[in-house]
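Coordinate inspection notes
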Amino acid sequence: MKSFSILLASLFILNGILHGDEVAAIAEATNEPQSDSTQYCVELSEFELQEPIAIGLNETEVIQTILQSGAKPIETIRLIAMPNTPSNVRKGKQVAVVTSTMTRGDVTTRQTKDVEIGTTLRIQMGEDPRGVLVNIDYITARIEDDTKGDSKPDILNSTIQTTLVCVPGKMRLVSTIGSKQLTAVVVTIHECNRTETNPSK
């Protein structure tokens, strides 16, 4: 893009349209962004709860119940993000799971299949008069813990998509979901220092 701008300016000089000082201004504008950018640290945590949360509580009361339960996060993701710029992180692996077994005499044959499990978080942030607009896409795939022996394991898939208005430093409730296995997801954003677009100045 920079080379194209300089080439275009050179053509204008040949035609007598631009002067040398105007070319320098174009080159400087090409090199430097126009404004500073604010970065945010997004902290998302998922808790596995042993007791159900009472119905009818407001958001603050639900968050207090989660924190006072003594539950430890089973997943915590911290991601640096900027407004109007997609950010994402993924951690996963492929595991071989038993899909079927066949026994003939003393010989047992097992058929397996590779299954991908892991966690994906996608963040898109934007400006909002009330704070920061945060679009969250949180996807998990896990193997159920109580699978025994050669039985086919259950893959627990969860997808949460939502948009919140967050105030830096204040925890927000993203979701609680589940019956047999109740999980709760919360998010907090913190404003990082503004990044200087040209530190040499």
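Look up: the structure comes first, before these words.
Residues numbered from 1 in each chain as written. Predicted model: local features only at pLDDT ≥ 70, side-chain atom pairs only at ≥ 80, totals over all residues. Heavy atoms only, no water.

**A word on the side chain of Thr 120**
Structurally, the position occupied by Thr 120 is in strand 4 (residues 107-128). A distance of 2.8 Å separates the side chain of Thr 120 from the side chain of Arg 90, its partner in a polar contact. Those residues within four positions of Thr 120 in sequence are excluded, and the remaining contacts are Val 89, Arg 90, Asp 137, Tyr 138 and Ile 139. (Helix = DSSP H or I, 4+ residues; strand = E, 2+ residues; numbered from the N terminus. Polar contact = N/O pair within 3.5 Å; in protein donor to acceptor, adjacent residues only side chain to side chain. Contact = heavy atoms within 4.5 Å.)

**Examining the pattern of salt bridges**
In this structure the tally under the stated criterion is seven salt bridges. The partner of Glu 46 in a salt bridge is Arg 142, and the shortest N-O contact between them spans 2.8 Å. Taken as a pair, Glu 46 in strand 1 (residues 40-49) and Arg 142 in strand 5 (residues 131-143) lie far apart in primary sequence, 96 residues in all. With a relative accessible area of 4%, Glu 46 lands in the buried category. Residue class for Arg 142 comes out partly exposed when judged on its relative accessible area of 25%. With a closest N to O distance of 3.0 Å, Arg 142 and Glu 75 form a salt bridge. Of the two residues, Arg 142 is situated in strand 5 and Glu 75 in strand 2 (residues 73-81); the sequence distance between them amounts to 67 residues. (Salt bridge = Lys/Arg side-chain N within 4 Å of Asp/Glu carboxyl O. Buried < 20%, exposed > 50% of the residue type's maximum accessible area, 1.4 Å probe, protein only.)

**Thoughts on the sheet that holds strand 3 (residues 87-104)**
Sheets are built from strands paired through backbone hydrogen bonds, the pairs being either parallel or antiparallel. With antiparallel pairing, four strands are arranged side by side in an open sheet as 3-4-5-6. Bordering the open sheet on either side are strand 3 and strand 6 (155-166), each of which pairs with just one other strand. Across this sheet, the average inter-strand angle for adjacent strands is 10°, counted without regard to direction. Of the strand pairs in this sheet, strand 4 and strand 5 are connected by 11 bridges, and their pairing is antiparallel. Residue Thr 120 lies in a different strand from strand 5, and its bridge partner there is Ile 139. (Pairing = 2+ DSSP bridges. Axes fitted to C-alpha atoms, helices over the stretch in contact; angles between N-to-C directions.)

**A closer look at helix 3 (residues 59-68)**
Buried within helix 3 we find Val 62, Ile 63 and Ile 66. Around the axis of helix 3, the buried residues are gathered within 100° of arc, so they sit on the same side. Looking at the buried positions of helix 3, the neighbouring elements they touch are strand 1, strand 7 (172-177) and strand 8 (182-191). N-capping of helix 3 is provided by Asn 58, with a side-chain oxygen placed 3.2 Å from the backbone N of Thr 60. Where helix 3 terminates, the next one or two residues include Gly 70, which has phi positive at roughly 85°. (Arc of directions from axis to C-beta.)

**Notes on the environment of Asn 58**
Here Asn 58 lies in the loop between strand 1 and helix 3. Exposure remark for Asn 58: the relative accessible area of 42% places this residue in the partly exposed category. Within the structure, Asn 58 has its side chain in polar contact with the backbone nitrogen of Glu 61 (distance 2.8 Å).

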